Amino acid sequence: MILIFCAPSGSGKSTFVKYLLTRYNNFELSVSATSRKPRGTEQHGVEYYFLSPEQFRQLIDENRLIEYQEVYKDHFYGTLRSEIERIQAKGHHVVFDVDVKGGLNLKKIFGKDAVAVFIQPPSVEELRRRLEGRGTDSKEMIEQRLAKASIEMQDAPLFDHIIINDKLDDALKELEKLLKSYNLI
C-alpha cells in the first residue's frame, strides 16, 4: 500500500510520518529528491536527496522520476522510481511526505493502491506561529508559504482523509484509527 501525507508547510505532516515510522516497522519513507538547500541538520539521502537544479533536470530528462513539481523557481521536489522499487522489494508499505500537488499527482498515479491523507492546521494564524517558531525561514519565505498554504487548503477535499492537527495526541489517535480501517496496522 502507498500512504501519502500532504499538508501546507508547518502543519505537522513530518511529525505524523516520524510517529508512524518509529512506531511500526512495516512502513518505510520514500526519500524525495529536491533542489533546495538543506535546512538545519538535514542530510543527503536521509531527509532528501539534495541535488542541484541541473541534476534534477537531468533526472526529469532521463524519466527517473514518477512525479515532480517546481514548487518555487529552481526549487524542485520529486519522487524517484528507484525509491518505490527499493521499498516494495522489502515488502513494506511506501510512505510519502510530499507537498500537496505532489500528493495529488501520486494519488492519480497509484489510484486505489494509495491512501492520501491531508494534515490540516487548525488555523492560518497557528500555521504562521509554527512557521515563525521553526526559525528556518526568512519573513519573505514565511509569507510565501502562508500564501501557498491558503491555496493548498482549498485542495483538502480532494484527499481520501483530512486530519486536523490541533491537539497532536488526538490527531495521532485519529491516524491510528484510519490505518486500522485499512488493515495497515
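In the block above lies the structure referred to throughout.
What you are looking at is a predicted structure, and each value in this text was computed from that prediction instead of being measured.

Draft legend 1. Geometry of the sheet that holds strand E7 (residues 93–98). Taken together, 5 strands build an open sheet; the order of strands is E2-E7-E1-E8-E9 and the sheet is parallel. Edge positions in the sheet fall to strand E2 (27–29) and strand E9 (161–164), since each has one partner strand and no second. Along the sheet, successive strands turn relative to each other by an average axial angle of 25 degrees, direction set aside. In this sheet, strand E8 (residues 114–120) lies alongside strand E1 (residues 2–6) in parallel orientation, the contact comprising 5 bridges. Residue pairing in the sheet places Ile-4 in a bridge with Ala-116 of E8. Across the sheet, helix H7 (residues 168–181) lies against E1, E8 and E9, angled at about 160 degrees from E9, the strand it touches most.

Draft legend 2. Representation of the sheet that holds strand E4 (residues 48–50) within the structure. One open sheet accounts for 4 strands, arranged E4-E3-E6-E5; its pairing is mixed. On the outer flanks of this sheet lie E4 and strand E5 (65–72), each paired with one strand and no other. Neighbour-to-neighbour, the strand axes of the sheet open up by a mean angle of 25 degrees, direction not taken into account. As paired strands, E5 and strand E6 (residues 75–80) are joined by 6 bridges and run antiparallel to one another.

Rules used throughout
- Residues numbered from 1 in each chain as written.
- Predicted model: local features only at pLDDT ≥ 70, side-chain atom pairs only at ≥ 80, totals over all residues.
- Heavy atoms only, no water.
- Pairing = 2+ DSSP bridges.
- Helix = DSSP H or I, 4+ residues; strand = E, 2+ residues; numbered from the N terminus.
- Axes fitted to C-alpha atoms, helices over the stretch in contact; angles between N-to-C directions.
- Contact = heavy atoms within 4.5 Å.

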